[in-house]
Every structure is written in structure tokens, then in C-alpha cells.
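Tertiary structure, described
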There are 2 protein chains.
Amino acid sequence: MNIRVGILGYGNLGRGVECAVRQNPDMELKAVFTRRDPSGVSILTETAKVCHVSEILDWKEVLDVLILCGGSATDLPEQTPKYARYFNVVDSFDTHARIPEHFARVDAAAKEGQKTAVISVGWDPGMFSLNRMYANAILPEGKDYTFWGRGVSQGHSDAVRRIPGVKDAKQYTIPVEEALKAVRAGENPELATRQKHTRECFVILEEGADAAKVEETIKTMPNYFADYDTTVHFISEEEMRRDHSRIPHGGFVLRSGVTGWEKENRHLIEYSLKLDSNPEFTSSVIAAYARAACRLSREGNTGCKTVFDIAPAYLSARSGEELRASLL
Amino acid sequence: MNIRVGILGYGNLGRGVECAVRQNPDMELKAVFTRRDPSGVSILTETAKVCHVSEILDWKEVLDVLILCGGSATDLPEQTPKYARYFNVVDSFDTHARIPEHFARVDAAAKEGQKTAVISVGWDPGMFSLNRMYANAILPEGKDYTFWGRGVSQGHSDAVRRIPGVKDAKQYTIPVEEALKAVRAGENPELATRQKHTRECFVILEEGADAAKVEETIKTMPNYFADYDTTVHFISEEEMRRDHSRIPHGGFVLRSGVTGWEKENRHLIEYSLKLDSNPEFTSSVIAAYARAACRLSREGNTGCKTVFDIAPAYLSARSGEELRASLL
């Protein structure tokens, strides 16, 4: 029987999950739940319903898994524990520092409801975490590096947009090529923040705004830009539409380690992603883990999980035999 | 309590496992078993014993896991099912086409003995398989590429050594840079064997051997070289010792896929390894899976497993809490 999927929240991520479900023949989107007026939300899947979130518990027996597509700041800390009591759930909670407490709350709720929850699914946290973990287990003596980009940072773009005189803005995070090269060469460099990434901003000014002042405000903004080398470009609305309407991202996870009785041999493990669409790739990872959540639930394996706790085979629609014969 | 490890077979891989065990503070090497006269085998670990393989069953209660370091051609097909009845075992069986039958035989033996076996551990099969599998689950619509090298192929080196007139030889497999570039650019090329890898041989001739004839024999050898562009260099024994005594290897696993309602967005997932020592890296992967085998066994999860069946957290000495706080 197909895996029956519900989506809560229909922004970029919700739409991405809708597309990902369509690419997986064993999955079927049944409903999208929204806090907006459902009549004003039009989705792509003709066979699925749009419902107000207040009706969601009526779907308890219909859905095999509910995918939570809200934000990590305020939506998921509330939604994931709330719905893990009633549904198998998957979220993409990405505030790294707060994962332990989120895990604890979701775990308690999922166990109470005898459901399976998978949190912090995507690429970082997610695939990047997995690669850090595998590489650390394999090479216990070594050094980790994570680089992000070239890609759009939503948080940094928002920070620029809040500056008076800025009409719209997009910020790209860019890894420093020399730093990557040094890591790949096995030099195990110690890298300051400024040496790992640069930042590039594309800004549309309000009429009459002071460009020099906006640029200065960006470059000196604490936490967001002050510790980086930042470039600011002022562009027109047309240029923004033409050149910066996509949401690309990606990055690199590297571990450089040694083996041998005298630690005489060096090894480099590198994982990289180059993504045209950050939310659609995140959604694709989520869809695979939604499959895993359903299977674990059927086996009675309840509570909260992360990507570390789930055997890879659970992500695939193929059987163990097929996987061993085709991909091992 | 520490994980007590036994090693069967003390060649490059056995020595590599010995080194890897030393890098994992929760593991302890108790004994190395050999088919040779134990008095002629000297190992590096002072606290471990060297025993003849005929005594191995006396160690049933002493060892938590036995690591099988024989070859895939004749050793492992016999040894892994034989010892999986008495020990938790890990092997690096790498004859891809015969994995399904090896799995079935080891699974039956391990289940009979209520032990846990993990087969085909290393980097290919092993880490490369994992990356193929994850990438396929995440991007169901896409294309896979695996490139090997630059590295020493034991099988191809042996094939050259068997040619009359060849005293010693080393063969390197080299990925074609243009092919890698085309894959990375998302071109999804169809690549013939010759377009993916080249081969480079370093050969010491016997005195009086005919260099031109040896070169011709190499380049036209069916299966091994005929389908590749091959370069042959004749070198001295001193050059062989100086420049070719290491066993480096590595390679690349890539998946290029699409997402979006109209498949309008492209994504590239790339995993690569650059290894100074092929056997030592393989051994490091094996050590991590030996830890997993012991844990699964303690949980009563018996039978044969591959890297697809084991949740990543089982490989690490750190607790779930530590992993979530530090690597997620």
C-alpha cells in the first residue's frame, strides 16, 4: 500500500515536499494543511485536498506520515511535539544548538502517542551531519571542516532587508577557495571565520536611500557580516528578478585524518552538494526519511529519531535483495 | 567493557586492522590467527597473542568480534560462513557479483549460531555503496557515476606480473578528468569504459626480456587492458622501491538528479576519497563496523548485515546525546 502523506505548511518547503512525493511512486499526497484560508491556497497535486490546520486531527487514521514544513524559529518547536502525539512526523528543525531540547520534547510526545518522529532532516542538519558522523567513526584521529555555499542564506538576506533604505536583498555565502584547497592538500589549517567564507549581497535601494550608508551598515553588522569580507552590489528590480530569483545552495564536508602504527598515512574524505534549489533538495531528503518513519512505525520502533538512528536501507523503496544486488 | 577483537589473516589488511584497533580506545586486540607457523609471525601489539588458526575455537568466549582479513577469491567464501557460526564477524568481501550468494550463506550460518555478521565492509563495497544508496533514495530521478583512482589495482598489477619477461609491476587506475568534469557540470554523459578511466603500468623487466613485446601483451590483454588507454613505463628496481612502494587509492561517487514539478532544478551529490593506504582505510571502516557488530549482537540482532542495514550511530563510540550535540 502506498505511503499516505500530509503536509503542514505550504511555503517553499511544503511545495518542495509536494514535488518530491510525486517523484516517489510508493508515496501519495493526501492533504495540505494551512493556517491560511484554504480557499486561497492552490496546490499542484489535483488529487490532494487543502484543509485548514484546525481539521488536522480528523486525518489521524488517513495519513501514514505528516511532514512539518514550518520554520525552526517558532513553528517547529511548538508543532513537532504537538503532532508527534498523533502522527508519524518528519521535520527539518535546523537550529543546531537547540536540537537536544527539541529531541527530548518530541521523543516524549512520540512515545506517549506510540508514533515515530524524525527530526532535523535535510542537508545540514541531515546529509552533512551523516557525513561528519561516518567520517569521524572511520577516522578517529583527524579534523573536520564544513563549508557552505555558494548559496543563498535566508537569514542573512532577511537581515539586510531590515536595514532602512533597503527595498529587497539577497545574500550569497561563498566558501573561500584557498581554504578548501589547503584542507584538500591535507594541511589541516586552523581557519578563522573570515578565512572560511565570504559574503556577497545584492541590494535594491528605496528611492532616495543613501547607498554608502547602507553598505556601511551591512558590512559592520555584528554576527551577520562584521566577521566576514563582504561585497555589496546595488542592482535594479529587473536584475534581481532576472539573476537572483532562484534559491541555490550547497557546500562541502571534509575530514582529513591519519592511520598507521606511526600515523604515517593520510586520508581525505569529502562530501559535497551543488543544489539548484535548497528547499527542493531538503524536501527530497525529507521524503526519503518519511518512508523510513513509516517503516519504523510499522515495526513498532517509536519515539524520536535523527538521521544517525536510521539504517540507510529504510530510506529506499527497494528491497534488501535489490539493494545488495544493484548498489552494494 | 572494551570490545575484544580477533584478527584472522595477517597480511596488509590484518596489519591495517591492528593499527585501526589501536586508534579506537574502546577496542582491544586479543589475538591474531594465522595459517602460518605462529612463531614466524611477529605483530605490532605487545599485549596480543599470535595463534595458529587451528586453535581459533578456543577463543569463542574471549572475543567479541572476529575480523576476517583474507581474500575474496577463495578465503572469505569459505571462512565467513564457517566462523559466523561461532563469532560475531566482519569481512571485506568485494566480489560485487557474488555478494548475494555470500550474504545468503553467511546469514544462514550466523542465524544458526545466533551471531551477528557484517559483510562487504570497506570503501567499495562499503562507503561508496552507502553513498550510492543514500543518493538514489534522495534523488530518485538521476544518474550514478563511480570513478576509481588514482590508485593501485592489485588485480591488474598481478595480471601484468604474470606476463613472461616481467619481474615486477604496479598498475594505477586513473579517472579521466574530462569525464569527471562533464558529470560535475550536470551533462549526464553516457561514458564508455575507455572514457572513464585510463591505466598506467610501471614494469621491471627480467634481464633480456623484449620490452616492445611486453608492452604489446599488456595493452591488448582482454578484460584487463584492451578496453582502456594504457601507458607502460619500464623502470628500475630502485625506482619501483622509491616511487611505488605505497598502496594509495580513492575515487568518486556522483549522482546527478533533478527535482521540481517540471524537473527544472538540478542537483549534484559527490563523495570522494583520497587515500594514502587502501588497506589501512579499509581497515578503519572495518573497525567501525566491528563496533556495530558487537552492539547489534548484544541487542540480539543476529544474522548477516551489510552497511545498508546498520544505523550510523552504531559505528561511533559516542552516545546518541553526544552525537546529536556535536555532529548533527
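Here the structure is a predicted model, which is why all the values come from computation and not from measurement.

Parameters and conventions
Residues numbered from 1 in each chain as written. Chains lettered and ligands numbered in written order. Predicted model: local features only at pLDDT ≥ 70, side-chain atom pairs only at ≥ 80, totals over all residues. Heavy atoms only, no water. Least-squares fit on C-alpha atoms with pLDDT ≥ 70 in both. Contact = heavy atoms within 4.5 Å. Helix = DSSP H or I, 4+ residues; strand = E, 2+ residues; numbered from the N terminus. Expected span 1.5 Å × (residues − 1). Buried < 20%, exposed > 50% of the residue type's maximum accessible area, 1.4 Å probe, protein only. Axes fitted to C-alpha atoms, helices over the stretch in contact; angles between N-to-C directions. Parallel < 35°, antiparallel > 145°, perpendicular 65-115°, else oblique. Left-handed = near helix turned anticlockwise from the far one by under 90°. Nonpolar A, V, L, I, M, F, W, Y, C, P; charged D, E, K, R; others polar. Buried area = accessible area lost by both parts, 1.4 Å probe. Polar contact = N/O pair within 3.5 Å; in protein donor to acceptor, adjacent residues only side chain to side chain. Pairing = 2+ DSSP bridges. Core = buried A, V, L, I, M, F, W, Y, C linked by side-chain atoms within 4.5 Å. pLDDT = per-residue confidence, 0-100.

When chain B is brought onto chain A, the operation consists of a screw motion whose angular component is 180° and whose axial shift is 0.0 Å, with 0.0 Å RMSD remaining. What the rotation and shift describe, once combined, is the action of a two-fold rotation axis. Every residue of chain B has its C-alpha some distance from the rotation axis, and the shortest such distance is that of B:A311, at 1.9 Å. Same-surface contact between copies: 100% of interface residues of chain B are shared with the interface of chain A.

Moving on, we come to helix α3 (residues 99-113) of chain B. In this model α3(B) runs 21 Å from its N-terminal to its C-terminal C-alpha over 15 residues, within 8% of the 21 Å that 1.5 Å per residue would give. Looking only at α3(B), the buried set comprises B:I99, B:H102, B:F103, B:V106, B:D107, B:A109 and B:A110. For α3(B), the elements touching its buried residues are α11 (320-326) of chain A together with α2 (75-84), β6 (116-118) and β14 (303-305) of chain B. Looking one or two residues beyond α3(B), the residue adopting positive phi is B:Q114, at roughly 50°.

Another aspect to go through is the packing of α2(B) against α3(B). Residue and element names in this part refer to chain B. Following both chains from N to C, one finds α2 and α3 inclined at 20°, their axes separated by 7 Å at the closest point. Comparing the axis directions of α2 and α3 gives the class roughly parallel. Taken as a pair, α2 and α3 cross one another with a handedness that is right-handed. Contacts from L76, P77, T80, P81 and A84 of α2 reach α3 at H102, R105, V106, A109 and A110. Residue classes in the contact of α2 with α3 are distributed as seven nonpolar, two polar and one charged.

What follows concerns helix α2 (residues 75-84) of chain A. Of all 10 residues in α2(A), eight are buried; the element is thus mostly enclosed. In this structure, the buried residues of α2(A) make contact with β1 (3-8), β4 (65-68), β5 (89-90), α3 (99-113) and β6 (116-118) of chain A.

This paragraph deals with the interface of chain B and chain A. The parts lose accessible area when they come together, and the size of an interface is often stated as this lost area. Listed by partner, the interface residues are 70 residues for chain B and 70 residues for chain A. Between chain B and chain A, a total of about 6300 Å² is buried, with carbon and sulfur atoms accounting for 61% of that surface. The three residues of chain B that bury the most area against chain A are B:Q23, B:W261 and B:L328, which together make up 15% of that side's buried surface. Between the two partners, chain B and chain A, sit 33 residue pairs in polar contact (both at pLDDT 80 or more). At the level of elements, α1 (12-22), α3, α4 (127-138), β12 (249-259), β13 (265-275), α10 (278-298) and α11 (320-326) of chain B are the ones that each hand at least two residues to the side of chain B that touches chain A. Each residue belonging to the side of chain B that touches chain A can be placed in one class, and the counts come to 36 nonpolar, 17 polar and 17 charged. In the sheet, strand β13 (residues 265-275) of chain A pairs with β13(B) via nine bridges, with the strands oriented antiparallel.

With that out of the way, let us pick up the sheet that holds strand β10 (residues 197-205) of chain B. All names here are of chain B. Spatial strand order, β8-β9-β10-β11: four strands in an open sheet with mixed pairing. Two strands in the sheet have a free side with no partner beyond their single neighbour: β8 (151-152) and β11 (229-234). Bridge analysis of β8 against strand β9 (residues 166-175) gives two bridges, and the strand direction is antiparallel. The partner of G151 across the bridge, within β9, is T173.

Looking at soluble globular proteins, one finds that nonpolar side chains tend to be buried together. The biggest cluster of nonpolar side chains holds 156 residues, and the ones touching the most others in it are A:L66, A:Y289, B:L66 and B:Y289. Other than its neighbours up to four places away in sequence, A:L66 contacts A:G6, A:I7, A:L8, A:F33, A:I56, A:Y83, A:F87, A:N88, A:V89 and A:V90.

What follows is about the confidence of the model for chain A. Parts of the model with low pLDDT should not have their predicted coordinates read in detail. On average, residues of chain A score 97 in pLDDT, and 100% of them reach the 70 mark or higher. Reported for the predicted complex are a pTM of 0.97 and an ipTM of 0.97.

Quick look at unusual backbone geometry now. All names here are of chain A. Residue R150 is reached from G149 by a cis peptide bond, and omega for that bond is 0°. Secondary-structure assignment places R150 in the loop between β7 (142-148) and β8 (151-152). Unusually for a residue other than glycine, Q114 sits at a positive phi of about 55°. Tracing the chain through its elements places Q114 in the loop between α3 and β6.

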